[in-house]
Each structure stands twice: as C-alpha cells, then as structure tokens.
Amino acid sequence: MWDCNLPHELIVEILKRLPAKSLLRFRCVRKSWSSLITSPVFIASYNNLNSTNPSTSNTQILLRNYSETLHKEIYTLHHDNTTFDIHTELEFPFTSFNPYFRLVGSCNGLICLADTLFTHKNKVILWNPSVRKFLNLPSPSIQYEREWLFKSVFGFGFDCKKKDYKVVRIAIGGLSINIRPRAEVFELSTGAWRAIDAVVPPYEMHHCWLQANLNGSVHWLVFNPSQNGGFCSLIVAFDVSDEVFREILLPLSLANEHLVDLSITVCGNCLALCHYYQVTNRRACTIWVLKEYGVGTWYKMFTIDLQQGVLVALSFRGNGEVLLATGGEELVYYSPKKKQVTHLGIRGSLQPLEFYTGSFYLDTYVQSLVFLDRVNGVSDSEAALLSLDE
C-alpha cells in the first residue's frame, strides 16, 4: 500500500504526529493515503492524541479580535510563552450581519460561530481552520410563528460516548412570552437538528454571556428572578452525551450577585468563576475555582486589582497566569505569583457585542482532522478499534 518497508502500524503512528497542514498535502499524493487520512478511525485517533497529549500537540492559544481600522475579524494562534508570539494568522472566510460573529465555543480544534444578534436567522457555522473546512448548519427544527420574540442560546461540545460533535440550542421566549424554554441538538454525524426531551431549567439566560466547556458539559451562568422577589444566580450545565441539564450552585456569598458582575471560564481541569466588583473608580476581580467537579465546593484563589480596571477575565494559560481585558480594552496577562501585569500590545474593539468581553475571545487550541464535508461519526466497531488505541 505504501511502497515502503515500514509496517503499516508504524506509518500510522508517524502520521498521527504530523501537523494537519502536512496531512492535507499527503491526501493529494495517492488515493490510498487519502483514504487512510480521512477514515473515521484515523481522524478520531489523531484528534484524541492531540487533545490529550499537550507535548505532542504543541497546544496553542486561539485569539479572536475585531479590527475597527480594517473592519474585519482577526483570528490568530499564539504560542503559550512569555511574549505571546503569533504562531499563525488564520484565514477567516466569513461575513456577518453584525460587525463580528459571536463565538459560541471551540472544542478539539473546531470553532462554532453564531450570527444571531439583532437578527432571527439563526446563522450558525462550524469551522475547522486547520483543514480550511466549514459547515453551515441548517435551520433549527424548533420554529415559532413570531420568531423575533425568541432568543437562541447556543452551546457546543463533544459527545465522548458517540464520538460526535454537537451544537445545543435553547429557544427562550421574551418576558411577554409565557412559553417554557425548549432545547434541540444538532449532531455532526447526522447533519440535522432534533428536539430533545430534556427539561430546560426555567431560568433567565443571556445569549451573549460567556460559556465554559468542561467534563463533557457546556456551562452557562443563569439567574432565577423569582427567588424571594429578587434573584439567585447559579450555573446550568448541559451534558453533551446524556443530553440532560443539571444545576451547580455558586459560593453562598455570590448567590445574589447579578450576572453582569460574574463570568465563567476554565482553569486547568477546573471550572472557574470570576467575580467583578468596584474598588474606588475601577473594577477588580476575584477568581474562584470548583476543584472537585460535581461536589460543589468552591475555593477562592486570588484577586486581581489593576489601575486600569478589569473588564473581564478571558482565559487561563498553562502556567496559571490569567489573560484578561482591561477597562481600557487592552489584552494583558496577570501573574498571581509575581502579582505583575504584562501588556501584550493588543487592543480590542470599542463595539462590544459580547457581554462585557468586547471582541476578545481566547481559548486553548489544538489541530483537528474533522473535515466537515461528510459524516464524521464513528461506528461501534470503529469505536472499539479506537478504544484499543487510546
């Protein structure tokens, strides 16, 4: 098959460790190579190696920003080092109704984009910049006659049981619409939406608030406006595999904080909660982490108090430093050990469509071989072969 003396298994191991860009070139060499590289088993094995072995994948940081000078979104991959050097500027082939897309989330090298603000068209795209492929999702299956009275909250994650990528959509009516929220799921393997039976917790969710993807679940901050005549903030999680919702309580001292003063992200393998509050004429931020997922015990880590104020904590680096946007719409990182701030020379947009984040989006990124041009699910027999390889 390969016209060489190397065992087939060894060749596969070599290919799994090559960059996606190189594998794309190898697809053009011969049909047998293309068949192997695009097979569901090889794709799943390649993605598994990159997502679970940082030394092999050379994990980078994905940054999205909007340039008001160029009037376009800019996506770059950065080295997770002291100088935050640019590794690659990604070619972004899309146009949006809004100045820039709402970035729903990223998972295993796939990026989910939504252009739904101030429009009821529910335009959602799955994009794999590593292989320069994208997929426009079809219209949702849950439709309403007065669609403009409803908002869509999206989440994106990976079903580790089915080895499939899913987008979840929660359709929520406005305050004047007394209709219970409903949920549906788009599966990449089928290419279609389907309504699910899961009961959506009847809480207020904002379609522009940040979400966090951890332990096979998508997490959103929500609040219950009927709690004792005021409100109670908490976290709602959607299990991507089991397709059920569950609730996670916040630290007792933060349960009555409004969501404009909270955000969530991921710190290592822990869910992180960021609490913002005023210190004289600027905003400071205290970081909490849920060290034992599912147990519900939160620990206060540290407080960030900058002269220029903290707009939002965006992401954590591999060494525990925090990447954040300041009140001056500048991207910096903060070292809890040194209690120092490093300015990265990157400024954000003055048109913040995302709630309190401006145009910044940050997440870890690994290359992926999901081509988005055919069914990418893994059958039971293929999943069994894959389990032997993990």
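Residues numbered from 1 in each chain as written. Predicted model: local features only at pLDDT ≥ 70, side-chain atom pairs only at ≥ 80, totals over all residues. Heavy atoms only, no water.

A. Just the sheet that holds strand S22 (residues 330-335), in detail. Pairing is antiparallel in the open sheet, where four strands are placed in the order S20-S21-S22-S23. Both outer strands of the open sheet, strand S20 (310-316) and strand S23 (340-347), are each paired with one neighbouring strand and no more. Here the average twist between neighbouring strands, direction ignored, is 30°. (Pairing = 2+ DSSP bridges. Helix = DSSP H or I, 4+ residues; strand = E, 2+ residues; numbered from the N terminus. Axes fitted to C-alpha atoms, helices over the stretch in contact; angles between N-to-C directions.)

B. Up close: helix H1 (residues 8-16). Looking at H1, one finds that the buried residues are Ile 11, Val 12, Leu 15 and Lys 16. Buried residues of H1 fall within an arc of 135° about the axis and therefore sit on the same side. (Buried < 20%, exposed > 50% of the residue type's maximum accessible area, 1.4 Å probe, protein only. Arc of directions from axis to C-beta.)

C. Geometry of the pattern of salt bridges. With the rule as written, the count across this model stands at 13 salt bridges. Close ionic contact of Arg 169 with Glu 184 constitutes a salt bridge, the shortest N to O distance being 2.6 Å. Of the two residues, Arg 169 sits in strand S9 (residues 164-173) while Glu 184 sits in strand S10 (residues 182-187), which places them 15 residues apart along the sequence. One exposure class covers both Arg 169 and Glu 184, and it is buried. The salt bridge involving Glu 321 is made with Arg 317; its shortest N-O contact spans 3.6 Å. The burial state of Glu 321 is the same as that of Arg 317; both residues are buried. Counted as one network, the salt bridges with shared partners bring together Asp 159, Lys 162, Lys 166, Glu 187, Arg 194 and Glu 243. (Salt bridge = Lys/Arg side-chain N within 4 Å of Asp/Glu carboxyl O.)

D. Fine view of the nonpolar core. Judged by nonpolar contacts, the single largest core of 32 residues is most densely connected at Phe 84, Ile 304, Leu 331 and Leu 362. The element contributing the most residues to this core is S20, with six residues. By size, the runner-up hydrophobic cluster in this structure holds 30 residues, among which are Ile 11, Val 12, Leu 369 and Val 370. (Core = buried A, V, L, I, M, F, W, Y, C linked by side-chain atoms within 4.5 Å.)

E. Main features of the side chain of Asp 164. Within the secondary structure, Asp 164 is located in strand S9. Buried within the structure, Asp 164 lacks any salt-bridge partner; its nearest side chain of opposite charge belongs to Lys 166, at an N-O separation of 6.5 Å. Separated by 2.5 Å, the side chains of Asp 164 and Ser 189 make a polar contact. Residues in contact with Asp 164, not counting those within four places in the same chain, are Gly 157, Phe 158, Asp 159, Glu 187, Leu 188 and Ser 189. (Lys, Arg positive; Asp, Glu negative; His and termini not counted. Polar contact = N/O pair within 3.5 Å; in protein donor to acceptor, adjacent residues only side chain to side chain. Contact = heavy atoms within 4.5 Å.)

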